[in-house]
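# Descriptive structure summary
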Amino acid sequence: MGITVIKRKRGVSTLHLLLLLLHFLSSSAIFSGKLVVGLNYTKHTRRVGSLRLSRIQRHLEKINKPPVFTIESPDGDVIDCVHKRKQPALDHPLLKNHKIQRHPPERPKSKTLKREEDGSNNTTREGMVAWQTWHQKGERCPKGTVPIRRSTVDDVLRAKSLYDFGKKQVKTPLIKNGGDGGRQINAPDVVSGNGHEHAIAYTGASQEVYGAKATINVWDPSIEEVNEFSLSQIWVLSGSFDGSDLNSIEAGWQDPKLGNWWMSFGETTLVGYWPAELFTHLDDGATMVEWGGEVVNSRANDRHTTTKMGSGQFAEQGFGKASYFRNLEVVDSDNSLSSAQGISTLAENVDCYDIKSFSNSAWGTYFYYGGPGYNPKCP
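Counting starts from 1 at the beginning of each chain's written sequence and moves along it residue by residue. Whole-chain, interface and lining totals are the exception, using all residues; otherwise, since this is a predicted model, local features are given only for residues with pLDDT of at least 70 and side-chain atom pairs are given and counted only at 80 or more. Side-chain measures here rest on the full set of heavy atoms in the structure, leaving out hydrogens and waters.

The next subject is the confidence of the model for the protein chain. For every residue, the predictor states its confidence as a pLDDT score lying anywhere from 0 to 100. The predicted model of the protein chain averages 77 in pLDDT, with 73% of residues at 70 or higher. By definition in these notes, contact holds between two residues if any of their heavy atoms fall within 4.5 Å. Per-residue pLDDT stays below 50 along residues 115-128; that stretch engages in 30 contacts with residues further than four places along the chain or on separate chains. Here residues 172-187 is modelled with pLDDT under 50, and outside its nearest four sequence neighbours on either side it reaches 31 contacts, counting other chains as well.

Have a look at this one:
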C-alpha cells in the first residue's frame, strides 16, 4: 500500500477530492485520520441505560448525514454516499466559509532511484478493482458525493464516553527510553503512561517537510480486547510537543502550495484533504514525520496484551514474516520527493514490539517493525 501526504503552498490550484474522512474497510482502514491495520472489534455486550442510549442516538442522527445512496458492505459496515456539501467535516466551525477544492495538485517530482516490487501478496497493486471491501460488489458512490462509514451505537460505546467519541487523546511526553538508547530533545509525539506503545521511525525536527510518503506492508493482526487497536500509519507534525499546541495529521499527502494537506492512495488515487483553516502550524509545513506502528495495551488480564503489531513478528524476522515500511520519502520546499535521510527509531518496550531500520538502492530507507505483545520477556 502506497500512502502519500502532501501540502500545498499558497498560490497554486488545489484538489478535486473532498474533505477526508474515508475508511479503508479491508484489512486496513482510515479511522479518525489514521491508517489502521487490524481494527478487529468484537460486539459490545455491555448493558446501556435508556437515557444514555437516547443521547447516543441523538448524536448519531446529527453526525450521520442523510445519504444520496447507501451501500451495504460484505463485512457488515454501511457506507453512506453523502453530498459533498453535507459531509460532517464541514460542520467544523473553522470550516464555516471553506470553499471545497476541486482541482488536483501538482505531484511532487521524484528524486529517488527506481523501485522494485517485492512480488509479495501483501502489497497492494496499482489497478486493483476492489480496493475496499465495500467495492467488492462493483458499487460506487455517485459523482458529487463522499463515501462515509455510518457510525453506530457500538462505535460510540467503544469510547470512554459520548464526549470522548471521535476525539484524539491528549498527548503526554514520552518518559521511557527507546530501543536506540535514549530520547532526544526533539523526540516524536508519542503517548506514554496510558497503554499506547510504539515502534516508529522519525525525522529530525530541524528539517522542513512539505509531504511524506511510504509503501506499507499490510497484515491482519489479532486484537485481544474490544478497546484496543493495532495501527500502522504516517504522522505529519508541527508545533509544540508538550501537548499545548501540536498539529498532527496521521496519514495523507501535502503539497507546498495552498496550505491544504492532501492524501493519496497508490500513485493515482486522491482521497481528499485537510483544509489549512484547521491548523495553527501545519499550514506552513511540517517539522517532523513519523512512520510506524502503535498498539493500545489495556492490561485487562493483569498482563501485557496479546494484541499484535504489524504481522505479530519481531523486526529481526525480516522479509515475508515481519511487517515493514519501505521507500520512506519526504517532500521538500521545491516540491520534490527524496528518500528520508538520517531517521531515528524508537520503541518503548523492545521485548514487546521493536523496530530496525536499513537502506538500500531498491527500497531506499526502510524498516521492519512489530511484535507479538505478551510473551515470556513481555509479561
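Next comes the rest of the description.
On to the state of the cysteines, then. The disulfide criterion is simple: two cysteine sulfur atoms within 2.5 Å. Across all of its chains, the model carries two disulfides by this definition. Each sulfur in the disulfide pair Cys81 and Cys141 lies 2.0 Å from the other. Classification of the bridge connecting Cys81 and Cys141 rests on its S-S torsion, roughly -80°, and on that basis the disulfide is left-handed. Of this pair, Cys81 sits in strand 5 (residues 78-83) while Cys141 sits in the loop between strand 6 (109-110) and strand 7 (145-149); the two residues are 60 residues apart in sequence, bridging distant segments of the chain. Secondary structure follows DSSP: runs of H or I at least 4 residues long count as helices, runs of E at least 2 residues long count as strands, and numbering of each begins at the N terminus.

Generally speaking, a soluble globular protein has its nonpolar side chains buried in company with each other. Residue types Ala, Val, Leu, Ile, Met, Phe, Trp, Tyr and Cys, when buried and joined through side-chain atoms within 4.5 Å, form a set referred to as a nonpolar core. For the exposure calls, accessible area comes from a 1.4 Å probe over protein chains only, and a residue counts as buried if that area is under 20% of its type's maximum, exposed if over 50%, partly exposed in between. The biggest cluster of nonpolar side chains holds 33 residues, and the ones touching the most others in it are Ile234, Val236, Trp261, Trp291, Phe325, Leu328 and Phe367. Mapped onto this core, the elements with two or more residues apiece are strand 8 (196-202), strand 9 (211-216), strand 10 (230-239), strand 13 (261-265), strand 14 (269-274), strand 15 (288-296), strand 16 (323-331) and strand 20 (364-370). The contact partners of Phe325, leaving out residues within four places of it in the chain, are Ala214, Thr215, Ile216, Ser232, Gln233, Ile234, Trp291, Gly292, Tyr366, Phe367 and Tyr369. Core analysis: the next-biggest nonpolar cluster, separate from the first, contains nine residues, Ile200, Tyr202, Leu231 and Val296 among them.

The next subject is the pattern of salt bridges. We define a salt bridge as a contact between a side-chain nitrogen of Lys or Arg and a carboxyl oxygen of Asp or Glu at a distance within 4 Å. As enumerated under the stated definition, the model contains six salt bridges in all. Here Arg149 makes a salt bridge to Asp77, at a shortest N to O gap of 3.0 Å. A residue pair is termed long-range when its members are at least 10 positions apart, and Arg149 in strand 7 and Asp77 in the loop between strand 4 (69-72) and strand 5 qualify at 72 residues. For Asp77, a relative accessible area of 17% gives the class buried. Ionic pairing is found between Arg158 and Asp155, a salt bridge with its closest N-O pair at 2.2 Å. One exposure class covers both Arg158 and Asp155, and it is buried. In the salt-bridge network here, residues are joined through shared partners; they are Asp77, Arg149, Asp155 and Arg158.

With respect to the element layout, Gly320 can be found in the loop between strand 15 and strand 16. We classify Gly320 as partly exposed; its relative accessible area is 47%.

Here three strands make up an open sheet; going across it, the order is 4-5-7 and the pairing antiparallel. If you trace the sheet from one side to the other, it starts and ends with strand 4 and strand 7, each paired once. Looking at each pair of strands side by side, their axes are set apart by 25° on average, direction ignored. Each pair of strands is called paired provided DSSP finds at least two bridges between the two strands. Orientation is described by lines fitted to C-alpha atoms, with helices fitted over the stretch in contact, and by angles between N-to-C directions that extend from 0 to 180 degrees.

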